[in-house]
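# Architecture at a glance
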Amino acid sequence: MIAAGMELRRLGKSKKNLYVIPNNIMPQWIQMFKTMYPNANLLVVDRRNFCIKKRDDTLRKIMDEDFDAILMTYSCFDMLSLSKKYYIEFYEKQLARLTKAKEKFSSERAIEAKRAAAMRTLEKLQEDMSENVCEIPFDELGINSLFVDEAHNYKNVSLHSGIMRVRGISNKGSSKCDAMMDKVHCVQRQNGGGRIVMATGTPITNSITDLFIMQKFLQDGELEFLGIQNFDSWVSMFGKKV
């Protein structure tokens, strides 16, 4: 990941690389980075410079200054949130796309259900979405490439499945994992669908849902192209293929 990020910088393909790292192994990352690239200009973001008094200054550095890499601990990254403006624009585009699809295709009932769900979400966002904890939201930092170490720690994403009484399948996810999914998709949308690296030695541990979640992280656009909107439709297509 270190070499990949530096090569992306060298080739001019990525200007701002963010590495999300478990708190306890940040020292190892710093040591490895300095061993491989002794002259690299690094910004390390941890509790020392992400406390309440220093948080906005640190985010402004990320947004305005030029670093070879930004190394950020999980605990700091989880404090970042996308802006209300980003969510509203995203759901407005989704609503327009679904409205157009309703006019062209025959499966009006399914499209109308998705359109109604998008409308409810948009209305909820406009009514009661809280303001960002940080002055500068994640979508305004200009991150071109996102590297997540030990990425399996973020796979507890909400599934919204109708499949019941099957071990390992639960509709309940954690807010930090749901937020990671949104941030990953934000980087992808701002960078042509790519620029995400999720590193893990244990992508699947408990159930097949782990595979679906990792695919949602990395191939959400491809799943959408195939008409796969949720875990149940993914299972249906998977079953047909088998």
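This text goes with the structure placed above it.
What counts and how
- Every chain is numbered independently, its residues counted from 1 as its sequence is written.
- Only residues with pLDDT of at least 70 get local features here, since the model is predicted, and only at 80 or more are side-chain atom pairs given and counted; chain-wide, interface and lining totals rely on the full set of residues.
- Heavy atoms from the whole structure form the basis of all side-chain values; hydrogens and water molecules are not counted.
- Strands are runs of DSSP state E lasting at least two residues, helices are runs of H or I lasting at least four, and both sets are numbered from the N terminus onward.
- Per-residue accessibility, obtained with a 1.4 Å probe over protein chains only, is compared with the maximum for each type, and a residue is labelled buried under 20%, exposed over 50%, and partly exposed between these values.
- The directions from the helix axis to the C-beta atoms form the arc being described.
- Residues count as neighbours in contact if any of their non-hydrogen atoms are within 4.5 Å of one another.
- Paired strands are those between which DSSP finds at least two bridges.
- Only the stretch in contact is used when a helix axis is fitted, and all axes are lines through C-alpha atoms; the angle between N-to-C directions ranges over 0 to 180 degrees.
- Polar here means any residue other than Ala, Val, Leu, Ile, Met, Phe, Trp, Tyr, Cys and Pro, which are nonpolar, and Asp, Glu, Lys and Arg, which are charged; Gly is therefore polar.
- Polar contacts, as counted here, are pairs of nitrogen or oxygen atoms within 3.5 Å of one another; within protein the pair requires one atom able to donate a hydrogen and one able to accept it, and residues that are adjacent in sequence qualify only if both atoms are side-chain atoms.
- Multiply 1.5 Å by the residue count of a helix minus one, and that product is the helix's expected span.

## Comments concerning the environment of Gly201
Mapping Gly201 onto the fold places it in the loop between strand 5 (196-199) and helix 8 (209-218). Gly201 sits in the exposed class, given a relative accessible area of 70%. The spatial distance from the C-alpha of Gly201 to the C-alpha of Glu150 is 7.5 Å, given a sequence separation of 51 residues.

## Let's talk about helix 1 (residues 2-10)
Restricting attention to buried positions, one finds in helix 1 the residues Ile2, Gly5, Met6 and Leu8. Projected down its long axis, helix 1 shows its buried positions confined to an angular sector of 155°, all on one face. Those residues of helix 1 that are buried are in contact with strand 1 (17-21), helix 2 (26-36) and strand 4 (145-149). Downstream of helix 1 by a residue or two, Gly12 has a phi angle that is positive, lying close to 75°.

## Points about the pairing of strand 2 (residues 42-45)
The two faces of a sheet get side chains in turn, since along a regular strand they alternate between them. As paired elements, strand 2 and strand 3 (residues 69-73) share four bridges and run parallel to each other. When the bridges of strand 3 are listed, Leu43 appears paired with Ile70.

## A few points about the packing of helix 7 (residues 175-190) against helix 8
Contact pair helix 7 / helix 8: the axes reach a minimum separation of 8 Å and the direction vectors enclose 35°. Mapping the contact onto sequence places Cys177, Met180, Met181, Val184, His185 and Gln188 in helix 7 and Ile213, Lys216, Phe217 and Leu218 in helix 8. Here the contact of helix 7 with helix 8 is built from residues that sort into seven nonpolar, two polar and one charged.

## Observations concerning the side chain of Ser145
Of note, Ser145 is situated in strand 4. Overall, Ser145 belongs to the buried group, its relative accessible area being 1%. Here the side chain of Ser145 touches Ser14 through a polar contact of 2.9 Å, side chain to side chain. Ser145 has contacts with Leu8, Ser14, Lys16, Asn17, Leu18 and Arg195, leaving out every residue within four places of it along the chain.

## Remarks on helix 7
With 16 residues, helix 7 ought to run about 22 Å at 1.5 Å a step, and its terminal C-alpha atoms sit 23 Å apart, in line with that. Of the residues making up helix 7, those classed as buried are Cys177, Met180, Met181, Lys183, Val184, His185, Cys186, Val187 and Gln188. In the segment just after helix 7, Gly192 is the residue with positive phi, at about 65°.

## Comments concerning the sheet that holds strand 5
Taken in spatial order, the five strands of this open sheet run 2-3-1-4-5, and their pairing is parallel. Single-partner strands in this sheet number two, and they are strand 2 and strand 5. Each adjacent strand pair in this sheet contributes to an overall mean axis angle of 15°, direction not counted. One ladder, built from four bridges, connects strand 4 with strand 5; its direction is parallel. Bridge pairing links Val148 to Met198 in strand 5. Against the sheet, helix 1 engages strand 1 and strand 4, with an angle of about 165° to strand 1. Across the sheet, helix 3 (residues 55-64) is in contact with strand 2 and strand 3; its angle to strand 2 comes to roughly 150°.

## Comments concerning the environment of Thr202
Along the polypeptide, Thr202 turns up in the loop between strand 5 and helix 8. Classification of Thr202 by relative accessible area gives partly exposed; the value is 34%. For Thr202 and Asn153, which are 49 residues apart along the polypeptide, the C-alpha to C-alpha distance reads 9.6 Å. Those residues in contact with Thr202, other than ones at most four positions away along the chain, are His152 and Lys155. Among the polar contacts made by the side chain of Thr202, one reaches the side chain of His152 at a distance of 3.2 Å.

## As for unusual backbone geometry
Residue Glu150 is not a glycine yet carries a positive backbone phi of 50°. Relative to the helices and strands, Glu150 resides in the loop between strand 4 and helix 7. One non-glycine residue with positive phi stands out, namely Arg195, at about 70°. Topologically, Arg195 is positioned in the loop between helix 7 and strand 5. The class for Arg195 is partly exposed, based on a relative accessible area of 29%.

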